[in-house]
Amino acid sequence: MTAPTPTPAAGGPAPDPATGTPGTPGTAGTPGAAPGAHAPRPTTAAGSTPAEVWRRARGFLIALAVLLTAAVTLAALSSGTHHGRLDPRSPAPEGARAVAELLRARGVTTRVVTTADEAVEAAGPGTTLLVTDPDLLGDRQLRSIRSAIDLSGGRTVLLAPGDPALADLAPAVHTAGKAHERTLAPGCALPAATGAGPADTGDGRRYDTTAPGATGCYPSGGHPTVLLLPTSTTGSDTVVLGSAHVLLNEDLAREGNASLALQLLGTRADLVWYLPSLAELGEGDTEEKSFLSLVPAGWHWALLQLFLAAALAALWRARRLGPLVTERLPVAVRASEATEGRARLYRKTDARDRAASVLRAATRERLAALVGVPSAHTHDPAVLVPAVAARLTDPGRDLTVLLFGTAPADDAALVALADHLDALEREVRTS
């Protein structure tokens with residue numbers, strides 16, 4: 001049996017019959033709060049409001065959004081213009097767009113192919129086939145290019161081939177070390193070389209050959225860096241060029257590089273520029289590799305650094321766990337003083353409607369627990385009123401007005417309401 005409900009000051013709220021403290025109008029979790037009461041702020045499972053979570057995380061989210069936007073923008077801007085080394089579409093320093101534009105101005109059409117099959121199909125008597133990376137080709141690709149050399153009737157230019165590629169493409173030629181000088185004199189009577197003058201054919205490979213009728217130019221230490229080899233097909237030939245400097249955008253304007261490049265690549269109306277693709281270079285490699293083996297070595301260190309940075313950030317921002325620390329309050333306010341002060345405030349504002357709502361809602365919750373009504377139907381008159389009436393000696397009493405009625409008209413009615421609610425609860429408890 002509960003203690004009698006303390007009577008509030010006139011116009012003030014009645015204390016909670018269960019706790020002895022005054023009801024708080026419009027508080028969170030009070031289903032009976034009157035309209036106009038302030039709703040509680042929603043909180044997360046950790047007790048923080050969404051606004052607080054946003055304030056803590058907005059710096060990181062904004063930085064992440066900026067990085068993603070910048071990455072997408074850069075990718076979109078460079079997706080159509082970024083190409084690799086020696087690509088005739090690339091304006092980068094190591095691209096070859098400049099020489100391709102000069103050839104186009106002379107009426108030479110440049111076609112880029114990425115497979116040996118396309119290169120062989122495009123080669124013919126009126127074409128020049130440029131193989132940019134002979135050493136990267138597999139056996140099948142080398143055989144295809146060799147067939148083009150023998151049967152096409154055009155010119156084939158091999159760019160800095162090594163001995164493995166030369167064994168298939170030009171068996172009578174072998175490397176003779178590196179040409180340490182960069183700019184070399186023609187040193188031969190070949191019109192293309194004499195017309196160009198000194199050029200940057202050094203700083204790459206130099207060669208020796210036993211092929212009859214071969215012409216060697218731009219020698220370094222007695223070994224040519226440019227070879228012109230006739231083939232068995234009338235009108236066709238093969239050029240072995242030991243350095244790529246004469247084709248690169250950044251070097252084309254030096255010495256006689258542009259003239260030599262135009263005369264080596266512009267003797268036919270069509271230029272087939274063979275850039276082996278990554279898919280073709282991977283042909284024949286059937287060894288199964290793990291995912292980590294495909295990641296470049298530098299990324300392993302980068303991932304390790306990111307992991308260490310994440311671990312340090314977690315240690316820095318982690319919640320410090322430990323025993324609860326008691327804290328002395330600067331002021332201790334007794335419950336009776338708080339009850340009396342709140343009652344004066346309610347009385348001053350004539351908040352009888354809110355006080356009555358709090359009293360009725362608290363009583364309904366306690367009665368629902370006593371009579372076995374689910375919490376979902378605590379404030380449903382159709383469910384709660386019959387269940388409470390079944391526990392009373394006078395089931396005909398009008399409980400709807402008492403538990404769900406209107407606000408009291410004056411302070412006396414509010415006090416009477418508190419007394420009737422307390423009596424009803426006491427009767428249910430003792431029934």
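Starting from 1, residues in each chain are numbered consecutively following that chain's sequence as written. The predicted origin of the model limits local features to residues at a pLDDT of at least 70 and limits the giving and counting of side-chain atom pairs to 80 or more, whereas totals for whole chains, interfaces and linings rest on all residues. Water and hydrogen atoms were dropped before computing side-chain values, which therefore reflect all heavy atoms in the structure.

(A) Summary view of a positive patch on the surface. Here the term patch refers to residues with relative accessible area over 30% and no salt bridge, with like charges joined within 9 Å and nonpolar side chains (Val, Leu, Ile, Met, Phe, Trp, Tyr) within 5 Å. Working definition of accessibility: Shrake-Rupley area with a 1.4 Å probe, residue cover restricted to the visible protein chains. Salt bridge, as used here, is a side-chain nitrogen of Lys or Arg placed within 4 Å of a carboxyl oxygen of Asp or Glu. Within this scheme the basic residues Lys and Arg register as positive and the acidic residues Asp and Glu register as negative, but His and the chain ends are omitted. The location of each charge is read from NZ of Lys, CZ of Arg, CG of Asp or CD of Glu. On the surface, Arg55, Arg56, Arg58, Arg317 and Arg319 cluster together into a positively charged patch. Residue contributions to the positive patch peak at three residues, all from helix α1 (residues 50-78). The helix and strand labels rest on DSSP assignments: H or I over at least four residues marks a helix, E over at least two residues marks a strand, and numbering proceeds from the N terminus. As for its position among the elements, Arg317 is in helix α9 (residues 297-317). The classification of residues rests on relative accessible area computed with a 1.4 Å probe and restricted to protein chains. Under 20% of the type maximum is buried, over 50% is exposed, and intermediate values are partly exposed. Under the relative-accessibility criterion, Arg317 is labelled exposed at 60%.

(B) Structural detail: unusual backbone geometry. A positive phi angle, close to 50 degrees, is found at Tyr218, a residue other than glycine. Take Tyr218: its relative accessible area is 0%, and that puts it in the buried class. With a phi angle near 45 degrees, Glu255 is a residue other than glycine that sits in the positive phi range. The topology assignment puts Glu255 in the loop between β8 (237-241) and α7 (257-265).

(C) Examining the state of the cysteines more closely. Two cysteine sulfur atoms make up a disulfide if the distance between them is within 2.5 Å. Tallying each qualifying case throughout the model produces one disulfide. Two residues, Cys188 and Cys217, share a disulfide whose sulfurs are 1.9 Å apart. Its S-S torsion of approximately 100 degrees makes the covalent link between Cys188 and Cys217 right-handed. Linking Cys188 in the loop between β4 (173-178) and α6 (191-196) with Cys217 in strand β6 (residues 215-220), this pair joins segments that are 29 residues apart in sequence.

(D) View of the confidence of the model for the chain. Each residue gets a pLDDT score, which is the predictor's confidence in that residue and runs from 0 to 100. With 83% of its residues at a pLDDT of 70 or more, the chain has an overall mean of 82. Contact criterion: two residues are considered in contact whenever any of their non-hydrogen atoms come within 4.5 Å of each other. Within the model, the stretch residues 1-39 combines pLDDT values under 50 with 86 contacts to residues more than four positions away or in other chains.

(E) Here's a closer look at the pairing of β8. Of all five residues in β8, five are buried, a share of seventy percent or more. Along β8, one buried face is formed by Asp237, Val239 and Leu241 and the opposite face, lined by Thr238 and Val240, is buried too. Strands pair, by our definition, only if DSSP identifies at least two bridges between them. Bridge count for strand β3 (residues 155-159) against β8 is five bridges, and the pairing is parallel. Looking at the pairing, Val157 lines up with Val239 of β8. Sheet analysis places strand β7 (residues 223-230) next to β8, joined by five bridges and oriented antiparallel. When the bridges of β8 are listed, Leu228 appears paired with Val239.

(F) Up close: the packing of helix α11 (residues 352-371) against helix α14 (residues 411-430). Geometry is summarised by axes, namely lines fitted to C-alpha atoms with helices restricted to the contacting stretch, and by angles between N-to-C directions that run from 0 to 180 degrees. Look at α11 against α14: their axes get within 10 Å of each other, and the N-to-C directions meet at 5 degrees. Judged by the angle between their axes, α11 and α14 are roughly parallel. Only Asp411, Leu414, Leu417, Ala418, Leu421, Leu424, Glu425, Val428 and Arg429 of α14 make contact with α11, whose side of the interface consists of Arg352, Ala355, Ala356, Leu359, Arg360, Thr363, Arg366, Leu367, Leu370 and Val371. Gly counts as polar in this scheme, as do all residues outside two lists: the nonpolar Ala, Val, Leu, Ile, Met, Phe, Trp, Tyr, Cys and Pro, and the charged Asp, Glu, Lys and Arg. Looking at the contact of α11 with α14 residue by residue, the class counts come to 12 nonpolar, one polar and six charged. Oblique is the label for every angle not falling under 35 degrees (roughly parallel), over 145 degrees (roughly antiparallel), or within 65 to 115 degrees (roughly perpendicular).

(G) A look at the environment of Asp270. Assignment of secondary structure puts Asp270 in strand β9 (residues 270-274). Along the sequence, Asp270 and Gly154 sit 116 residues apart, while their C-alpha atoms lie 9.9 Å from each other. Non-local contacts of Asp270, meaning those with residues more than four positions away in its chain, are made with Val108, Thr109, Gly126, Thr127 and Thr128.

(H) Main features of a nonpolar patch on the surface. On the surface, Trp54, Phe60, Leu61, Leu64 and Leu68 cluster together to form a nonpolar patch covering roughly 530 Å² of accessible area. When its relative accessible area of 37% is taken as the criterion, Leu64 is described as partly exposed.

(I) A look at the sheet that holds strand β2 (residues 127-131). A sheet is described by the order of its strands in space; here seven strands give the open sequence β1-β9-β2-β3-β8-β7-β6, paired in mixed fashion. The open sheet has two edge strands with one neighbour each: β1 (109-113) and β6. Neighbour-to-neighbour, the strand axes of this sheet turn through a mean angle of 15 degrees, independent of strand direction. Bridge count between β2 and β3: four bridges; the pairing is parallel. Bridging across to β3, Leu129 finds its partner in Thr156. Helix α4 (residues 139-151) rests against β2, β3, β8 and β9 of the sheet, and its axis sits at about 155 degrees to β2.

(J) Seen up close, the nonpolar core. Nonpolar cores are built from buried Ala, Val, Leu, Ile, Met, Phe, Trp, Tyr and Cys residues. Side-chain atoms within 4.5 Å join them into one set. Core analysis: the biggest nonpolar cluster contains 34 residues, and Tyr218, Leu247, Leu265 and Trp273 have the highest contact counts within it. For this core, the secondary structure elements donating two or more residues are α2 (97-105), β3, α6, β6, β7, β8, α7 and β9. Here this core takes five residues from α7, the largest share from any one element. Grouped together as the second largest cluster of nonpolar side chains are 24 residues, Val131, Ala148, Leu158 and Leu227 included.

(K) Quick look at the side chain of Ser152. Inspection of the secondary structure puts Ser152 in the loop between α4 and β3. With a relative accessible area of 12%, Ser152 lands in the buried category. One polar contact links the side chain of Ser152 to the main-chain amide nitrogen of Gly154, over a distance of 3.3 Å. The contact partners of Ser152, leaving out residues within four places of it in the chain, are Ala123, Gly124, Pro125 and Ser147. Two N or O atoms count as a polar contact when they lie within 3.5 Å, although within protein this holds only if one can serve as hydrogen donor and the other as acceptor, and sequence-adjacent residues are included solely when both atoms are side-chain atoms.

(L) Here's a closer look at the pattern of salt bridges. One pass over the structure, following the stated rule, counts 18 salt bridges. Linking Asp251 and Arg182 is a salt bridge whose minimum nitrogen-to-oxygen distance equals 2.6 Å. One end of the pair, Asp251, is in the loop between β8 and α7; the other, Arg182, is in the loop between β4 and α6, and 69 residues separate them in sequence. With a relative accessible area of 29%, Arg182 lands in the partly exposed category. Beyond isolated ion pairs, a larger network of salt bridges with shared partners links Arg182, Asp200, Asp251 and Arg254.

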